[in-house]
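Examination of the molecular architecture
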Amino acid sequence: MSEQRYADQHGWPALKIAHKVLIAMAICCLVAVLSFAAAMRWSLQAGFLNYLQELDRENTLIILKRLEQAYADHGSWDFVVNTPRVWPGILDPLRPENPPGQDPNLPPDETRRPRPPRAQGDRPPPRRDGDRPPQRRDGERPPPPPDGRPPNRDGGERPPPQGDPPPPRDNDGERRYSLYDTDRHCLIGPDPQHLELTYIPIKNRNQIVGWLSVAPLRTPTGNAARFVQGQMQAFYLIALLLLLLCVVLAFMLSRQLTRPIPLLARLTRHIARGDYQARVPVKGGDELAQLAHDINQMAQALESAKNNRQKFLSDVAHELRTPLTVLQGEIEAMLDGVRPITREAIVSLGHEIASLTQLVQDLRGLAKTDEGQFQVEKQKVDIRSLLEQCSQAFQAKLSQKGIELSSKWGRQPVWVYGDHQRLKQVFDNLLANAYNYTDAPGRLKIVLESQAESASVSFSDSPPGVTDEQLPLVFERLYRGDLSRKRHSTSSGLGLAIAKEIVTAHGGSIWAEHSEWGGLKIVLELPLGV
């Protein structure tokens, strides 16, 4: 549905990440293969051309030696001019230097093997009539031999060819080499005046007898060009196969890399609908696996927040219902005449109203904290003096309940950078928590210690205490260990939660431990002021 809405808004179908990854990898592979093919083509042509030019220089030296030797044997260039078939033989790069029984100045097809001399009087035996071939009429061709080979000049059969026929020769020299006389007149070969020719002197007895011109070899020609073309075609075929292989691998890798994405998308849709119990399996250690782990953590945190919110609303309803029920019952009793309207009855109603007022104020403070409206105006505060003031204010109440208060904070001031009123609220909440949840007779000890960079304050009371499982829960909102620590009627159960928010806003920390007397010990640390 979301993909359809995206297509309707933008006018084209939305591509999945797997498709985008596949297209990107395919384009990268195509560019890499084409670049490599172009580089290989240039390298092959340049390197092979250099190789051909080196061979051409060697062939030029060989041709030059042949011409010098031929001129020394004949004394002029008439043998080349009058016998044009000699020139291709001289330029033939496959011609051996000294073939047996061959004139070095003639091409291979001009080889003449000398016939052995006949002895005097040695004549062939006379033919008999039966041995004579049949007479042919004028224009009549001789009958073909049984194997289809053409007949000899005398009408007989040709001997079968020995071995494979020689390969065709690609003599490019006839198009690139020319012979000039001493006056630079072309004797044989092309005379391309428009090319930059290289003229090499032909010497005989240290005298220049002619010039050999060589046209530059710009590109491979003939068999060399066909070889380069064949190699490039083979390379293009290999490049195409590699490209197809890369596309297949890119498709497989894109599917493998993007496989967790649909699972993550489905998980986020579940979370958006309020289903915080959904989870996605985490495999591997890459970024997608880390993202899956983070989304699972977020779902778990949202589930915990949802449960806490439901529990908090239930606890708030319970806390409000209790004093309201008491107020309603007492007022109805007074109206019905069951309970007389006396001072003691009005004082009891006042206690319930005070509990409601305290609960509403604490809830309002926590709401400001959650909304980010909790402001702290920091200044230099002597927490030793502040602790002394707060403990003196609670001294009478603690003594009246039978709780002995002792302190240890020294005489030197301990300065911290914080909000005086908020810190006083923290100490009052901790003293009220000890007053409400410590049985009489009991003990309460306050210890202040100054360290290198922080100051720590501990409040240790006597039983009842809490279990190890309950220690991390004492700072939760509206939490009370009712089985072991009794509740006072004016307690809202939010004092420790508010104290934690204030200490955290000051950059400090607060935690709970078991006290040395079997009760609860609250420890908080605040950074020292500069």
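Cut-offs applied
Residues numbered from 1 in each chain as written. Predicted model: local features only at pLDDT ≥ 70, side-chain atom pairs only at ≥ 80, totals over all residues. Heavy atoms only, no water. Helix = DSSP H or I, 4+ residues; strand = E, 2+ residues; numbered from the N terminus. Buried < 20%, exposed > 50% of the residue type's maximum accessible area, 1.4 Å probe, protein only. Contact = heavy atoms within 4.5 Å. 1 Å grid on protein atoms, 1.4 Å probe; cavity = no way out; pocket = protein on both sides within 12 Å on 5 of 7 lines; lining within 4 Å. Points joined across faces, edges and corners; volume = space filled by probe spheres on them. Nonpolar A, V, L, I, M, F, W, Y, C, P; charged D, E, K, R; others polar. Polar contact = N/O pair within 3.5 Å; in protein donor to acceptor, adjacent residues only side chain to side chain. Axes fitted to C-alpha atoms, helices over the stretch in contact; angles between N-to-C directions. Parallel < 35°, antiparallel > 145°, perpendicular 65-115°, else oblique. Left-handed = near helix turned anticlockwise from the far one by under 90°. Expected span 1.5 Å × (residues − 1). Pairing = 2+ DSSP bridges.

Moving on to the environment of H293. Residue position: H293 is located in helix α8 (residues 287-336). In this structure the C-alpha to C-alpha distance between H293 and K283, which are ten residues apart in sequence, comes to 9.3 Å.

Bringing the environment of D428 into the picture now. Locating D428 in the fold gives a position in helix α11 (residues 420-437). Residue class for D428 comes out buried when judged on its relative accessible area of 19%. Taking the C-alpha atoms as reference points, D428 and L387, separated by 41 residues in sequence, lie 9.1 Å from one another. Once you skip the residues sitting within four places of it in the chain, D428 turns out to touch C390 and F394.

Using the criterion set out here, one finds one cavity of 30 Å³ or more in the structure. Roughly 50 Å³ of volume is contained in the largest cavity. Around the largest cavity, the lining residues are L430, N433, A434, L444, F459, D461, L520, K521 and I522. At the level of secondary structure, the elements contributing two or more residues to the lining of the largest cavity comprise α11, β9 (454-461) and β11 (520-527). Residues belonging to the lining of the largest cavity are distributed by class as follows: six nonpolar, one polar and two charged.

Attention now goes to the side chain of D56. Along the polypeptide, D56 turns up in helix α2 (residues 17-74). Residue class for D56 comes out buried when judged on its relative accessible area of 13%. Here the side chain of D56 touches R176 through a polar contact of 2.7 Å, side chain to side chain. Excluding residues within four positions of it along the chain, D56 makes contact with R176, Y177, V214 and L217.

Attention now moves to the packing of α2 against helix α6 (residues 223-257). The interhelical angle for the contact between α2 and α6, taken along N-to-C directions, is 160°, at an axis separation of 9 Å. The orientation of α2 with respect to α6, classified from their angle, is roughly antiparallel. In this structure, the crossing between α2 and α6 has a hand that is right-handed.

Turning our attention to α2. For α2, with 58 residues, the first-to-last C-alpha span of 83 Å sits near the 86 Å given by 1.5 Å per residue. Where α2 terminates, the next one or two residues include G75, which has phi positive at roughly 80°.

What follows concerns the pairing of β9. Two faces belong to every sheet, and in a regular strand the side chains alternate between them. Within β9, eight of the eight residues are buried, leaving the element largely enclosed by the surrounding structure. Neither face of β9 is open: one carries S454, S456, S458 and S460, the other A455, V457, F459 and D461, and all of them are buried. Two strands pair when backbone bridges link them, and strand β8 (residues 442-450) and β9 are joined in this way by seven bridges, in the antiparallel orientation. By the bridge assignment, V447 is partnered in β9 with S458. Summarising the sheet, β9 and β11 pair through seven bridges and their orientation is antiparallel. By the bridge assignment for β11, A455 is matched with L526.

Look at helix α10 (residues 383-401) against α11: their axes get within 10 Å of each other, and the N-to-C directions meet at 25°. Comparing the axis directions of α10 and α11 gives the class roughly parallel. In this structure, the crossing between α10 and α11 has a hand that is right-handed. Every residue of α11 that contacts α10 at I383, L386, L387, C390, S391, F394, K397, L398 and K401 is listed here: H420, L423, K424, F427, D428, L431, A432, Y435 and N436. Looking at the contact of α10 with α11 residue by residue, the class counts come to eleven nonpolar, three polar and four charged.

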